[in-house]
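Topology and contacts: notes
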Amino acid sequence: MSDRMFKAMPPMLFDENVLRVKARLVNAIAPGLQKIPSTQLTRANVQRGLEQTLDTFNEVQALSMATRIQIVESALADLVGYGPLEFLLRDPDISEIMVNGAKLVFIERGGELYETDVKFDDNAHVMRIIDRILLPLGRRVDYDNPAADARLPDGSRVNVIIPPVAVDGPTITIRKFLQTKMNIDDLINLGTLTPYMAKFLEACVVARLNILISGNTSSGKSTMLNILSTFIPEHERIITIEDAVELQMKQRHVVRLETKLPNVDGQGTVSIRELVRNALRMRPDRLVVGEVRGGETLDMLQAMNTGHSGSLTTLHANSPRDAIARLETTALMSGIDLPVTAIRKQISSAIGLIVHMTRLADGTRKATQITEISGMEGDVVTQTDIYKFVATATGPDGKIIGELKPTGIRPMFGPKLEVAGFKFGGEFFGLGL
């Protein structure tokens, strides 16, 4: 087994004799479960039934207690849980699970991709797990509707896509909800930020700058949003708007709003845009939007420009310059016929700071640029980098070697930070003492 293989399954579950016992156990219990009302079908009841049935098998006498426990746990996962994925979902260090058909499962752990030893029996086994995820939410996938988004009870985000669209079999992608809440010190220790950058960002949040966090997929945007939101003062009323609830706000005065997926008939959708519009009627001091990707961008920009300063949101983009272009594009998706110049003026007056997150080739995540939006020159939104990551080499272990450092430029909104009680010396911006 290569060093890129992650062992998740207990070794005894690969033994043919153990697998036969488990299959026999599942086949003995499964028909009876269909007759039990769902209100009585608890995990504890099923586990008790599995243990009692397993004790009646003659061949179980030759198995160790540890092996018996693993057989029951594996059978329990197949009957009322998420099958082989249970072993991966329990690992707190795994951040993403990717099922590419029945026999190929990958995970992301510590920013690196690994193939795992986890396998399903066949594609029908994968489909049973998909149904177990979707049916409690009133969702389904079939030939005519082969894709769906869902959320596990712990908040983990799930995307499912099946044949005929997924050529190699049913595909499941799970972005796990991390139970351990990171703080700004964790980001400093990981090298995502420097202490100066962290203090600067805290000041920007307290001083009510509108901040856009941009970055590519899995670059740490949501984590950064979560951490920056902790700097919002306790006395302010915060409205959070997300596709799937991930933010873990420490403040007491928080109203959390979540989009609603359509039902099986395709009706009843509640979008981010509708929630942004509704939130403006709820007297928010701050709006925190998980991500803008459509017409809600224009509503968000207008809110930022009409008294809702200090708002935070994220956006998929490859650089701060690309983030501006994406804001323009998504604002145009609102359906309101506005000239691009008008939208750029909205952006330049609304957004004060862009924090750009990057997942580097070695799997590490860094705030590679902190950029001020300083206005417009002609038809162009002007940007000034305050901090930037400069890569210098790649080490023998594949790690990117570089430095997060200030550019030597003070932000134009410096006086606003001083009014909020933050006075930064030249050392914060690379200007010496």
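Just so it is clear, the structure is predicted and the values come from calculations on it, not from any experiment. (Residues numbered from 1 in each chain as written. Predicted model: local features only at pLDDT ≥ 70, side-chain atom pairs only at ≥ 80, totals over all residues. Heavy atoms only, no water.)

Scanning the protein chain from N- to C-terminus turns up 13 helices and 16 strands. With 433 residues in all, the protein chain has 49% of them scored as buried. Sequence separation of 24 or more characterises 56% of the internal contacts of the protein chain that already satisfy a separation of 6 or more. Per element, the accessible surface of the protein chain, about 20800 Å² overall, is 52% carbon and sulfur. Side chains of the protein chain give 49 positive and 51 negative charges; the mean places of these two sets differ by 4 Å. (Helix = DSSP H or I, 4+ residues; strand = E, 2+ residues; numbered from the N terminus. Buried < 20%, exposed > 50% of the residue type's maximum accessible area, 1.4 Å probe, protein only. Contact = heavy atoms within 4.5 Å. Areas by Shrake-Rupley, 256 points an atom, 1.4 Å probe, with all protein chains shown as cover. Lys, Arg positive; Asp, Glu negative; His and termini not counted. Charge placed at Lys NZ, Arg CZ, Asp CG, Glu CD.)

Another point: unusual backbone geometry. Here the amide bond leading from Pro163 into Pro164 is cis, since omega sits at 10 degrees, within 30 degrees of zero. Even without a glycine there, the phi angle at Arg208 is positive, about 65 degrees. By secondary structure assignment, the location of Arg208 is in the loop between α7 (195-206) and β8 (211-215). Of note in the backbone geometry, Arg283 takes a positive phi value of approximately 55 degrees without being a glycine. With respect to the helices and strands, the residue Arg283 is situated in the loop between α9 (272-279) and β11 (286-289). Using a relative accessible area of 55% as the deciding quantity, one classes Arg283 as exposed.

Residues of α9 that are buried include every one of Ile272, Arg273, Leu275, Val276 and Ala279, and no others. All buried residues of α9 lie within an arc of 165 degrees about the axis, which places them on one face of the element. Taken together, the buried residues of α9 touch β9 (238-242), β10 (254-258), β11 and α10 (296-304). (Arc of directions from axis to C-beta.)

Turning our eyes to something else, we now look at the environment of Tyr143. Inspection of the secondary structure puts Tyr143 in the loop between α5 (123-134) and β5 (147-151). Its relative accessible area of 63% is what places Tyr143 among the exposed residues. Taking the C-alpha atoms as reference, Tyr143 lies 8.8 Å from Val165; in sequence the two are 22 residues apart.

Our next topic: the packing of aromatic side chains. All told, the structure shown has nine aromatic pairs when counted by the stated rule. Seen from their ring centres, Phe424 and Phe428 are 4.5 Å apart, and the 40 degrees between their planes marks the pair as tilted. In terms of burial, Phe424 and Phe428 fall into one category: buried. An aromatic cluster of at least three residues, connected via ring pairs, comprises Tyr196, Phe200, Tyr387, Phe413, Phe422, Phe424, Phe428 and Phe429. (Phe/Tyr/Trp six-rings, centres within 6.5 Å; stacked < 30°, edge-to-face > 60°.)

Positionally, Met5 belongs in strand β1 (residues 5-6). Spatially, the C-alpha atoms of Met5 and Pro31 are 36 Å apart, while their sequence positions differ by 26 residues. With residues up to four places along the chain from it excluded, the contact list for Met5 reads Glu115, Thr116 and Asp117.

This next bit is on the pairing of strand β15 (residues 380-394). The pairing of strand β14 (residues 365-377) with β15 spans eight bridges and is classified as antiparallel. The residue of β15 that forms the bridge with Gln369 is Lys388. Where β15 lies against strand β16 (residues 400-406), seven bridges are found, and the strand directions are antiparallel. The residue bridging Tyr387 from the neighbouring strand is Pro406, located in β16. Linking β15 back to β16 in an antiparallel pair, the connection comprises five residues, with Gly398 at a positive phi of about 90 degrees. (Pairing = 2+ DSSP bridges.)

What follows concerns the sheet that holds strand β6 (residues 157-161). Pairing is mixed in the open sheet, where seven strands are placed in the order β1-β4-β3-β2-β7-β6-β5. Pairing within the sheet leaves two strands with one partner each, and these edge strands are β1 and β5. Here α5 sits on the sheet and contacts β2 (94-100), β5, β6 and β7 (171-175); the angle it forms with β5, its principal contact strand, is near 55 degrees. (Axes fitted to C-alpha atoms, helices over the stretch in contact; angles between N-to-C directions.)

Packing of helix α1 (residues 16-33) against helix α2 (residues 43-54) leaves a shortest axis separation of 10 Å and a crossing angle of 130 degrees. By the angle between their axes, α1 is oblique relative to α2. The crossing of α1 and α2 is right-handed. In this structure, α1 contributes Val21, Leu25, Ala28, Ile29 and Leu33 to the contact, and α2 contributes Val46, Gly49, Leu50, Thr53 and Leu54. Of the residues contributing to the contact of α1 with α2, the split by class is eight nonpolar, two polar and no charged. (Parallel < 35°, antiparallel > 145°, perpendicular 65-115°, else oblique. Left-handed = near helix turned anticlockwise from the far one by under 90°. Nonpolar A, V, L, I, M, F, W, Y, C, P; charged D, E, K, R; others polar.)

Between the first and last C-alpha of helix α3 (residues 65-80) there are 22 Å, a value that for 16 residues agrees with the 22 Å anticipated at 1.5 Å per step. Buried residues belonging to α3 abut α1, α2, α4 (85-89) and α5. (Expected span 1.5 Å × (residues − 1).)

By size, the foremost hydrophobic cluster in this structure holds 49 residues, and its most contacted members are Leu50, Leu85, Leu88 and Ile97. Looking at this core, the element that brings in the most residues is α1, giving six residues. Those residues in contact with Ile97 that lie beyond four places of it in its chain are Leu85, Leu88, Leu89, Val105, Phe106, Ile107, Ile172, Thr173, Ile174 and Lys176. One finds Leu187, Leu360, Ala367 and Phe422 within the second-largest nonpolar core, a separate group that totals 41 residues. (Core = buried A, V, L, I, M, F, W, Y, C linked by side-chain atoms within 4.5 Å.)

On to the sheet that holds β10. The strand order across the open sheet built from nine strands is β10-β9-β11-β12-β8-β13-β14-β15-β16, with neighbouring strands paired in mixed fashion. The open sheet terminates on both sides in strands that have one partner only, identified here as β10 and β16. Across the sheet, the mean angle from the axis of one strand to that of its neighbour is 25 degrees, orientation sign disregarded. Where α9 meets the sheet, its contacts fall on β9, β10 and β11, and the angle it forms with β9 comes to roughly 170 degrees. Relative to the sheet, helix α12 (residues 340-350) contacts β14 and β15, its axis offset from that of β14 by approximately 120 degrees.

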